[in-house]
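Structure at a glance
Here's the letter readout for the chains.
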There are 2 protein chains.
Amino acid sequence: MNAYKNIGKMIKSDANASIISEELVNLHSKVLDYLGNYKQTPLISKVPNKEYFSFDSGTKKSRAVNKALFTANMQPIESVIQSISSKDFTNITAEEITSALYSMAIGFCSVIDLTKTGDQKTPGTFFEYFVCNWVSKMLGINPRKQVDVLNLDMSTSLPTDYIFDLGTNQPKIHLPVKTSTRERVIQVWAHQRVLDGVYGTGRFLGILVSLSETKVDQNSLEVVEICLPEQWQIYQMFIAQMKRIYYLDLPSKYRDLRNVFPPIPVYSFGEFFLEYQNKTLLSRD
Amino acid sequence: MNAYKNIGKMIKSDANASIISEELVNLHSKVLDYLGNYKQTPLISKVPNKEYFSFDSGTKKSRAVNKALFTANMQPIESVIQSISSKDFTNITAEEITSALYSMAIGFCSVIDLTKTGDQKTPGTFFEYFVCNWVSKMLGINPRKQVDVLNLDMSTSLPTDYIFDLGTNQPKIHLPVKTSTRERVIQVWAHQRVLDGVYGTGRFLGILVSLSETKVDQNSLEVVEICLPEQWQIYQMFIAQMKRIYYLDLPSKYRDLRNVFPPIPVYSFGEFFLEYQNKTLLSRD
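It should be emphasised that the depicted structure is a prediction, and the values quoted were computed from it without experimental measurement.

Before going further, it helps to examine the overall build of chain A. A count of helical and extended segments in chain A gives 9 helices and 13 strands. Relative to its length of 285 residues, chain A is compact, with a C-alpha radius of gyration of 19 Å against a globular reference of 19 Å. Viewed in the frame of its principal axes, chain A has a C-alpha envelope of about 60 × 40 × 40 Å. When contacts within chain A are restricted to residue pairs at least 6 apart in sequence, long-range pairs at least 24 apart make up 65% of them. Summed over its atoms, the accessible surface of chain A is roughly 12700 Å², and 47% of this surface lies on carbon and sulfur atoms. Distance between charge centroids for chain A: 3 Å, based on 31 positive and 29 negative side chains.

Shown next as structure tokens:
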């Protein structure tokens, strides 16, 4: 917990600092040691083509962990962090990045599930720091959490999710981060709408990063994914346009939104690093 | 609790039925009997010009109750319900209507606060039924909770708050209902935006009804009102336009939004009945 609080302080002072990535790796090594004490209880997956388990202390179970994505080894994690830090992705795939970052995020959240009761805030805040750190590292700049609204005789500030300012004649990035979206996700499109309205459409590119959409029934041990793709399409058509939505554990119902109308570009988070590095993400397509 | 569940069933089958108002009055009489057993502990009000107390069972305290608005007598309640039922407001003021309906709503919520722990859902659902009943009674029609989106080659349904269809060549009413708004209120404007986009601006008039914005610190017994008027102004300018926002315990910071730019028409809920009856609410101003 001390390591977590430290990371929070560091993110606030300099999200882009390389020490934060090192701290996240150290923290993950402790998380793996801790989780190694607990058995992995298989869950009954109602999600096609995905298997899940829970870390199980006997009295408590963690959230669902995707069996194919999770790795309990440090070595692949260290390779991925090394690639991100050096921005050299020649020997690494998007899938490897997604798997490594998924393992770190779900590992920490699982420790909180096993040690606290009903604590949703700590995993949520950790995941915000976690995603902010990697995005900040890739962009090479620190984010803000509010923007000024200067408008004729009005002057106020708008609290937002993370905002990255890439400089004059570059788009800015609006980065909401959520462990899961559920019914609250309309806020993401609504905030994007406000930014489009205040600053002009296209000035801010909306990029949502989410962990997963799984839900475990604690009695039956069944795992489902809660997805509302038709609602997302309505939001994308009638509220605002999100540039990208990235998942660490990508639901297939959302992935399929790439290929229908209105297309919503939903990808695994590993793709972000490659898209940004090869300049397709911010290209004027 | 049985009376509450019954009211829920009746609202779903015929929100407009006169039996529901009678049941709400009967329920309130039981609520007053129950609350009569408990002392009223004064709270330290940090809200200018408002005094609050909590019903106090010794081990539990209810939410904050506005001393000037709450009445423990049935007589004023019965007069108000009689006026609404007969749609005759000649001998009643908006303030009297607000006070009577406030007493009924906060009374039921206080009973739940004293008998359950951490139950936010029952007060919220009750308040939805409660507001829906009075609006339905005034409009003389029943609401729906979803609308169809038919759009070239797409066909889907959009879950919404209550929707009242006043018929051809009349506006329709979009009625979100919340016990308090806090940071989730952006959803109200976002839903209005979707309705404007799908059906055309002006087809749906957005009317939000809210109970109060008070928050009690359980240690210090201080009551504050949590208001974000500048955020509301940004939403009203850049997401969609709400036609009215009504409160049972109206915060002065929101009331003042009537008189600044952009004007947001925020009133006490009692005004709804008079505005609707004298046809100023739906006039084409």
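There is more to say after this.
The next subject is the packing of helix α5 (residues 121–139) of chain B against helix α9 (residues 270–277) of chain B. Residue and element names in this part refer to chain B. Between α5 and α9, whose axes approach to 11 Å, the crossing angle comes to 15°. Classified by the angle between their axes, α5 and α9 sit roughly parallel to one another. Considering the relative orientation of α5 and α9, their crossing is right-handed. Along the contact surface, α5 presents Trp 134, Val 135, Met 138 and Leu 139, while α9 presents Phe 272, Phe 273, Tyr 276 and Gln 277. Looking at side-chain class alone, the contact of α5 with α9 contains 7 nonpolar, 1 polar and no charged residues.

Here the focus is the interface of chain A and chain B. Counting residues at the interface gives 27 residues for chain A, matched by 27 residues for chain B. The interface formed by chain A and chain B holds 0 salt bridges in total. Taken together, the connections running from chain A to chain B amount to 2 residue pairs in polar contact (both at pLDDT 80 or more). Elements that contribute at least two residues to the side of chain A that touches chain B include exactly β5 (144–151), β6 (154–165), α6 (186–199) and α7 (229–238) of chain A. In terms of residue count, the dominant contributor to the side of chain A that touches chain B is α6(A) (8 residues). Class assignment for the residues of the side of chain A that touches chain B results in 15 nonpolar, 8 polar and 4 charged.

Attention now goes to the layout of surface pockets. Any space left empty among the atoms is revealed by the rolling of a water-sized probe across them. Residue and element names in this part refer to chain A. Empty space within the second largest pocket amounts to approximately 510 Å³. Together, 21 residues line the second largest pocket, and Arg 63, Asp 113, Gln 120, Thr 214 and Gln 218 are the ones closest to its centre. Mapped onto the lining of the second largest pocket, the elements with two or more residues apiece are α4 (94–115) and β10 (214–216). Looking at side-chain class alone, the lining of the second largest pocket contains 5 nonpolar, 9 polar and 7 charged residues.

Read across the open sheet, the 3 strands follow the order β1-β3-β4 (chain B); overall the sheet is antiparallel. Edge positions in the sheet fall to β1 (39–42) and β4 (65–66) of chain B, since each has one partner strand and no second.

Here we take up the relation of the copies chain A and chain B. The two copies are related by a screw motion: chain A maps onto chain B through a turn of 180° and a shift of 0.0 Å along the axis, at an RMSD of 0.0 Å. In short, the pair behaves as if placed about a two-fold rotation axis. Take the interface residues of chain A: 100% of them recur as interface residues in chain B, which is what a same-surface contact looks like.

We now examine the sheet that holds strand β4 (residues 65–66) of chain A. Residues and elements named next belong to chain A. Spatial strand order, β1-β3-β4: 3 strands in an open sheet with antiparallel pairing. One side of each edge strand has no neighbouring strand; the edge strands of this open sheet are β1 (39–42) and β4. Judged from the 2 bridges that link them, strand β3 (residues 52–56) and β4 form a sheet pairing that is antiparallel. Among the inter-strand pairings, Phe 53 is bridged to a residue of β4, identified as Val 65.

So, about the environment of Ser79(A). All names here are of chain A. Within the secondary structure layout, Ser 79 lies in helix α3 (residues 74–86). Look at Ser 79 and you get partly exposed, because its relative accessible area is 28%. Sequence separation of Ser 79 and His 174 is 95 residues, and the distance between their C-alpha atoms is 28 Å. Within the structure, Ser 79 has its side chain in polar contact with the side chain of Gln 75 (distance 2.9 Å).

Along the chain, the position of Ser103(B) falls in helix α4 (residues 94–115). Here Ser103(B) is in contact with His28(B), Leu69(B), Phe70(B), Thr71(B) and Ile77(B), once residues within four sequence places are set aside.

Here we take up the packing of aromatic side chains. Residues and elements named next belong to chain A. Here the structure, examined in full by the defined rule, presents 40 aromatic pairs over all chains. In this structure an aromatic cluster arises from ring pairing among Phe 89, Tyr 246, Phe 269, Phe 272, Phe 273 and Tyr 276. In this structure, Lys 145 packs its charged tip against the face of Tyr 162, placed 4.6 Å from the ring centre.

On to the environment of Lys279(B). Along the chain, Lys279(B) turns up in the segment after α9. Sequence spacing of Lys279(B) and Thr201(B) is 78 residues, and the spatial spacing of their C-alpha atoms is 21 Å.

Let's shift gears to the packing of helix α2 (residues 18–35) of chain B against α4(B). Residues and elements named next belong to chain B. One way to put it is that α2 packs onto α4 with a least axis distance of 9 Å and a crossing angle of 50°. In terms of their interaxial angle, α2 and α4 are classed as oblique. Along this stretch, α2 crosses α4, giving a crossing that reads as left-handed. Residues Leu 24, Val 25, Leu 27, His 28, Val 31, Tyr 34 and Leu 35 of α2 form the contact with α4, whose participating residues are Ser 103, Met 104, Gly 107, Phe 108, Ser 110, Val 111, Leu 114 and Thr 115.

What counts and what doesn't
- Residues numbered from 1 in each chain as written.
- Chains lettered and ligands numbered in written order.
- Predicted model: local features only at pLDDT ≥ 70, side-chain atom pairs only at ≥ 80, totals over all residues.
- Heavy atoms only, no water.
- Helix = DSSP H or I, 4+ residues; strand = E, 2+ residues; numbered from the N terminus.
- Rg over C-alpha atoms; globule rule 2.2 N^0.38 Å.
- Contact = heavy atoms within 4.5 Å.
- Areas by Shrake-Rupley, 256 points an atom, 1.4 Å probe, with all protein chains shown as cover.
- Lys, Arg positive; Asp, Glu negative; His and termini not counted.
- Charge placed at Lys NZ, Arg CZ, Asp CG, Glu CD.
- Axes fitted to C-alpha atoms, helices over the stretch in contact; angles between N-to-C directions.
- Parallel < 35°, antiparallel > 145°, perpendicular 65-115°, else oblique.
- Left-handed = near helix turned anticlockwise from the far one by under 90°.
- Nonpolar A, V, L, I, M, F, W, Y, C, P; charged D, E, K, R; others polar.
- Salt bridge = Lys/Arg side-chain N within 4 Å of Asp/Glu carboxyl O.
- Polar contact = N/O pair within 3.5 Å; in protein donor to acceptor, adjacent residues only side chain to side chain.
- 1 Å grid on protein atoms, 1.4 Å probe; cavity = no way out; pocket = protein on both sides within 12 Å on 5 of 7 lines; lining within 4 Å.
- Points joined across faces, edges and corners; volume = space filled by probe spheres on them.
- Pairing = 2+ DSSP bridges.
- Least-squares fit on C-alpha atoms with pLDDT ≥ 70 in both.
- Buried < 20%, exposed > 50% of the residue type's maximum accessible area, 1.4 Å probe, protein only.
- Phe/Tyr/Trp six-rings, centres within 6.5 Å; stacked < 30°, edge-to-face > 60°.
- Lys NZ or Arg CZ within 6 Å of the ring centre and 35° of its normal.

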